[in-house]
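Inside the fold
Each chain, letter by letter, is given below.
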Amino acid sequence: MLKKLCLGLCLLANGLYLTAQLQSPDEFLPHALGDNFTPHHLLVDYFEHVATNSDWVQLQRYGYTNEDRPLMVAFISTPENLSRLDAIRENNLRRAGLLEGKVDPNLNISLVWLSYSVHGNEAAGSESSMGVVYELTRPENQRTKAWLENTVVVMDPAINPDGYSRYTHWYRRNTNKITNPNRAVREHDEPWPGGRVNHYMFDLNRDWAWQTQIESQQRMLLYRQWYPQIHADLHEQSYNDPYYFAPAARPYHEYITDWQSQFQVEIGKNHAKYFDKEGWLYFTKEVFDLLYPSYGDTYPIFSGAIGMTYEQGGSGRAGKAIIRNSGDTLTLKDRINHHITTSLSTIEMGSREQARLLQNFTQFFQASSANPKGKYKSYIIKSSNPVGKLKRLTQLLDKNGIAYGRTETTSNTRAFDYQTGKTKTISIGAEDLIISAYQPLSVLTQVLFDPEVKVEDSLTYDVTAWSLPYAYGLETYATSQSMDIIPGYTFPTSINPSDQDGKYAYLAKWESVEDVKFLSQLLQKNIKVRFASMPFTIEKESYAAGTLVITRADNRKHPNFDQLMASTAQKSQKTLNGIETGFSERGPDLGSDAMRLIRSDKIAVLSDEGVSPYGFGVVWHYFEQVLDYPLDVYYRNSLSEIPLGDYHTLIMPSGNYNLTADEQSHLDQWISAGGHLIAIEGAIGSFVDQDGYRLERFATEEERKMLEQLNEEEQLDGRLDPYMGASRRRISASLPGAIFQIQMDKTHPLAFGIGDQYFSLKTTTISLPLQKNINNVGTISKEPLTVGFVGKKALDRLQESISFAVESKGAGHITYMVDNPLFRGFWDNGLFLFGNALFLVGN
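Residues numbered from 1 in each chain as written. Predicted model: local features only at pLDDT ≥ 70, side-chain atom pairs only at ≥ 80, totals over all residues. Heavy atoms only, no water.

1. Some words on the overall build of the protein
A count of helical and extended segments in the protein gives 25 helices and 36 strands. Taken against the 2.2 N^0.38 rule, which gives 28 Å for 843 residues, the C-alpha radius of gyration of the protein at 29 Å falls within 12% of a compact globule. Seen along its three principal axes, the alpha-carbon backbone of the protein occupies a region of about 105 × 65 × 65 Å. Looking at the protein as a whole, 59% of its 843 residues are labelled buried. (Helix = DSSP H or I, 4+ residues; strand = E, 2+ residues; numbered from the N terminus. Rg over C-alpha atoms; globule rule 2.2 N^0.38 Å. Buried < 20%, exposed > 50% of the residue type's maximum accessible area, 1.4 Å probe, protein only.)

If you want it as structure tokens, here you go:
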């Protein structure tokens, strides 16, 4: 009897233990969900706890951030579905035509992907992910269990762990024990750079297509293995705003299908049902449009999904609670509950409409392969383009799963010329790189390659032009003709200089950012490098200005000079031409002053308060991840104390500097003594109309008066304008982001390798006229070729203005960059241009 009693008690205890294994967030965390922010490591711990204690969840780590935090997703479905997860994945790829084989009708499972807190200080997203996974796995919730019978949910609880940690750790250190909703106090005033951005201060919600950041690169490798039917990206916005969910605002990209548009309405109505029941405020069809292709809603849309953004009022300023303008107090618990509601509603729709989702998903990809939407069916990139640029483009295509190849025969066709904006007859060679629109990802392909985007509504949220041929500076043509291509593309192999020992010098072309990377590696190995400041011909071969010249004479102290050159070239896959003489048949000899020595002195950059986090971040990323070149980072407020004499170049990213007299004097003396300052976008304002500098806001006094008169006339003409429509009237003076054709002075080092024109992604209306006694290297003509939306007034004011200029001051130089060539890190020809500014200008 005693044995039976013991056994019974043991079984009872064991049973109680099993039912208590899966804990809610409130039970697992040291705080109740919403009472405080959860550190990232505890967020990870909770998901691991759920996966350990529920057979409805599987975790997958897909990578690590720059700060070594884990990136992970949770797959949530029935145990049966999880046991055949890979078969479901492969079946979905077959449905999209991305994997050979027949679709198995027994694996008709819809895929719903939820992404949280791509902006780290929009932390209610990651907080809510714990509540969502608990509701999907707790045994008592039979409603969610039913949804998972025909649905697999993929949850990424923290897309941006570094930004999320920056914000949550700061907040936990600075918040009061007693919640303080007073928005003027410390805990509602997040310091620079804020948690929105990742380690390199990039906005990861603008990086889906470009994949410049390690988080995006690793996430997209996983995403391309799945291609869900629904993707929802959960954000936060201003704390005064109600909740936003689909349908999205106009403009929609013209390639978005009627089905994708209509289902946004259906899913929005499902959300509204729950919000109406609770009396929660919300709005739809405003602010957040579907045009720019690198968002967490548009990129999935162009890849066959129903892509949506959800925006909860809150963001970094809201903290645990904040008083809104309405007088209501918004709490972290409110924000979490709202996101949990839309997350679960999204999953509900994915399950309920599973058959329609799969049917339309299949039709999307079938239509893409058989009947591409756009005017242009083939994109021809000439083989005469620099190999480095072609390689970098194909690397981006590979990251996005876009197929490319070449033709077997040569032919002629009518095609649109990206460089001139006109149509002409071209010859297509067997070595040209061809991207056909007849492929499963044709919509994404055409969105990224089309020369022009149709903008149905100019009230847009972001840039309106991004065409890759312009971004990469490639001679490209688009034709409405379909072309049969051989998949893949083989690049010519680089010439290994290992058999060129004893050469007088090595010459290397200067054509792409790959060449900047090669130069940076040589300089770090203390190899002395020169560049040609003008064209020359030697040993019957012609070389352009910018060509790198590495002579044995300059490097005679290197006993292993040839081996160093060979290994560096091989690592960089760089072709070197070894020559026997320094005597040129035409142009300067290799010993001429025209072969300018590139200084390898240190480079510094300013950061912190007063500097744009984005502006600083792209510079920091460029040095560390593109060039792998050292950079000294200083706080902006220490400018007057920086030992500038130790540096050849100082970079001032975009920002509002308000230089003091001491700081201005410190810079003046250093530049005059031979320093090189690079001022980007807003930083230029510190030198406009300043004593000792020739940069002027107006070319003449008459020009200033004329602009003031125009402004006065506009204000007088608008005195009776109705209140309604004011935002639309303002767009005439706006420039959300468009491509401008820039005329370049190709004789200036800043333009070497670029040529006589450069297509710039202009995102600012800063306008400075053609300058006197300054090298106007990059200028906008009176009638420039533009791509994307530009307001008429903005265009008028930008005509005959500078984009890039270089001023000489004493023995030094200032490079002015009105346009930021490093914008978001994806404008590849801009990366090359910036390399010119770093290493060629000022030498």
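So much for the structure itself; the text now carries on.
2. Describing the side chain of Arg206
Here Arg206 shows up in the loop between helix H8 (161–174) and helix H9 (214–223). By relative accessible area, which is 8% here, Arg206 ends up buried. Discounting residues that sit within four places of it in the chain, Arg206 has contacts with His119, Arg196, Tyr292, Ser294, Tyr295, Tyr461, Asp462 and Arg824. (Contact = heavy atoms within 4.5 Å.)

3. What about helix H14 (residues 354–370)?
It helps to recall that an α-helix has 3.6 residues per turn; residues three or four apart then point in one direction. The end-to-end C-alpha separation of H14 is 24 Å, in line with the 24 Å expected for 17 residues at 1.5 Å each. Buried within H14 are the following residues: Gln354, Leu357, Leu358, Asn360, Phe361, Thr362, Phe364, Phe365 and Ser368. (Expected span 1.5 Å × (residues − 1).)

4. What to know about the environment of His40
Mapped onto the elements of the fold, His40 is located in helix H3 (residues 40–53). For the pair His40 and Ile109, spaced 69 residues apart in the sequence, the C-alpha separation amounts to 31 Å. If we ignore the near neighbours within four places in the chain, the residues touching His40 are Arg69, Pro70, Ala158, Pro161, Tyr164 and Ser165.

5. Regarding the sheet that holds strand E20 (residues 505–508)
Consider a sheet: its strands pair through backbone hydrogen bonds, and that pairing is either parallel or antiparallel. Across the sheet, which stays open at both edges, the 5 strands sit in the order E25-E20-E24-E21-E26 with antiparallel pairing between neighbours. Each edge of the sheet is formed by a strand with only one pairing partner; in this case those strands are strand E25 (577–579) and strand E26 (595–597). Strand-to-strand twist of the sheet, defined as the mean angle between neighbouring strand axes without regard to direction, takes the value 30°. (Pairing = 2+ DSSP bridges. Axes fitted to C-alpha atoms, helices over the stretch in contact; angles between N-to-C directions.)

6. A few points about the packing of helix H10 (residues 258–278) against helix H13 (residues 332–352)
At a closest axis distance of 9 Å, the pairing of H10 and H13 adopts a crossing angle of 130°. Taken together, the axes of H10 and H13 are oblique relative to one another. Note on packing geometry: the crossing formed by H10 with H13 is right-handed. On H13, the residues that touch Phe263, Glu266, Ile267, Asn270, His271, Lys273, Tyr274 and Phe275 of H10 are His338, Thr341, Thr342, Ser345, Thr346, Glu348, Met349 and Arg352. Grouping the constituent residues of the contact of H10 with H13 by class yields 5 nonpolar, 7 polar and 4 charged. (Parallel < 35°, antiparallel > 145°, perpendicular 65-115°, else oblique. Left-handed = near helix turned anticlockwise from the far one by under 90°. Nonpolar A, V, L, I, M, F, W, Y, C, P; charged D, E, K, R; others polar.)

7. Some points on the environment of Thr52
In this structure, Thr52 sits in helix H3. Under the relative-accessibility criterion, Thr52 is labelled exposed at 67%. Spatially, the C-alpha atoms of Thr52 and Gln21 are 9.2 Å apart, while their sequence positions differ by 31 residues. For Thr52, the side chain forms a polar contact with the main-chain oxygen of Glu48, separated by 2.8 Å. (Polar contact = N/O pair within 3.5 Å; in protein donor to acceptor, adjacent residues only side chain to side chain.)

8. What about helix H20 (residues 613–627)?
Taking 1.5 Å as the rise per residue, H20 with 15 residues should run 21 Å; its terminal C-alpha atoms sit 20 Å apart, in good agreement. Along H20, the sharpest change in direction is near 30° and occurs at His621. With 12 of 15 residues buried, H20 lies mostly within the body of the structure. Within H20 the residues assigned to the buried category are Pro613, Gly615, Phe616, Gly617, Val618, Val619, Trp620, His621, Tyr622, Phe623, Val626 and Leu627. Taking the backbone nitrogen of Tyr614 as reference, a side-chain oxygen 3.3 Å away marks Ser612 as the first, capping residue of H20. In the stretch just after H20, Asp628 is the one whose phi turns positive, near 60°. (Bend = angle between axes of the 7 residues up to and from the residue.)

9. Details of the packing of helix H6 (residues 124–137) against H13
Close contact between H6 and H13 brings their axes to 8 Å; oriented N to C, the two are set at 50°. Between H6 and H13, the angle falls in the class oblique. The handedness of the crossing between H6 and H13 is right-handed. Every residue of H13 that contacts H6 at Ala124, Gly125, Glu127, Ser128, Gly131, Val132, Glu135 and Leu136 is listed here: Leu332, Arg335, Ile336, His339, Ile340, Ser343, Leu344 and Ile347. Partitioning the contact of H6 with H13 into residue classes produces 8 nonpolar, 5 polar and 3 charged.

10. Some thoughts on the pattern of salt bridges
Scanning the entire structure with this criterion turns up 35 salt bridges. Note that Glu122 and Arg196 form a salt bridge whose closest N and O atoms lie 3.4 Å from each other. Of this pair, Glu122 sits in the loop between strand E3 (110–116) and H6 while Arg196 sits in the loop between H8 and H9, and the two are 74 residues apart along the sequence. Taken together, the salt bridges that share partners define one network made up of Glu122, Arg196, Asp203, Arg206, Asp462 and Arg824. (Salt bridge = Lys/Arg side-chain N within 4 Å of Asp/Glu carboxyl O.)

11. Observations regarding the confidence of the model for the protein
When pLDDT is averaged along the protein, the result is 94, and 96% of the positions lie at 70 or above. In the predicted structure, residues 1–20 sits below a pLDDT of 50 and forms 0 contacts with residues beyond four places in sequence or in another chain. (pLDDT = per-residue confidence, 0-100.)

12. Here's the deal with the packing of aromatic side chains
A full pass over the atoms with the stated rule returns 49 aromatic pairs. Ring geometry for Tyr292 versus Trp466: centroids 6.0 Å apart, planes at 85°, classification edge-to-face. In this pair, Tyr292 sits in the loop between strand E9 (289–290) and helix H11 (298–302) while Trp466 sits in the loop between helix H16 (442–449) and helix H17 (468–472), placing the two residues 174 residues apart along the sequence. In this structure Tyr292 comes out as buried when scored by relative accessible area, which is 0%. By relative accessible area, which is 1% here, Trp466 ends up buried. Measuring from centroid to centroid gives 4.6 Å for Tyr470 and Phe759, while their planes differ by 50°, and the two rings are tilted. With Tyr470 in helix H17 and Phe759 in strand E32 (residues 757–762), the pair connects residues that are 289 residues apart, well separated along the chain. Phe759 carries the same exposure label as Tyr470, and that label is buried. (Phe/Tyr/Trp six-rings, centres within 6.5 Å; stacked < 30°, edge-to-face > 60°.)

13. Some thoughts on the side chain of His231
As for its placement among the helices and strands, His231 is situated in strand E5 (residues 230–238). Apart from the residues lying within four places of it in its own chain, the contact partners of His231 are Trp113, Ser115, Trp208, Tyr223, Gly296, Pro300, Ala305, Ile306, Gly307 and Met308.

14. Structural notes on the pairing of E3
Counting buried positions over the 7 residues of E3 gives 7, a clear majority of the element. Burial along E3 is two-sided: the residues Ser110, Val112, Leu114 and Tyr116 and Leu111, Trp113 and Ser115 are all buried. Pairing analysis gives 6 bridges linking E3 to strand E4 (residues 151–156), with the strands arranged parallel. Its bridge partner lying in E4, Leu111 is registered against Val152. Both E3 and E5 contribute to a ladder of 5 bridges, which runs parallel. Looking across to E5, one finds that Trp113 is bridged to His231.

15. A few points about the pairing of strand E28 (residues 632–635)
Where strand E27 (residues 602–607) lies against E28, 4 bridges are found, and the strand directions are parallel. Residue pairing for E28: Leu606 is matched across the bridge by Tyr634. Each parallel crossover has a hand, and the one from E27 via H20 to E28 is right-handed. (Right-handed = clockwise from strand over helix to strand, strands pointing away.)

16. Details of unusual backbone geometry
Trans is the common state for peptide bonds, and a negative phi is the common state for residues other than glycine. Put simply, Trp192 and Pro193 share a cis peptide bond, and its omega is 0°. Counting through the fold element by element, Pro193 comes out in the loop between H8 and H9. For the peptide bond that leads from Ala246 to Pro247, omega is 10°, which places it in the cis range. For Pro247, the position within the fold is in the loop between strand E6 (243–244) and strand E7 (249–252).

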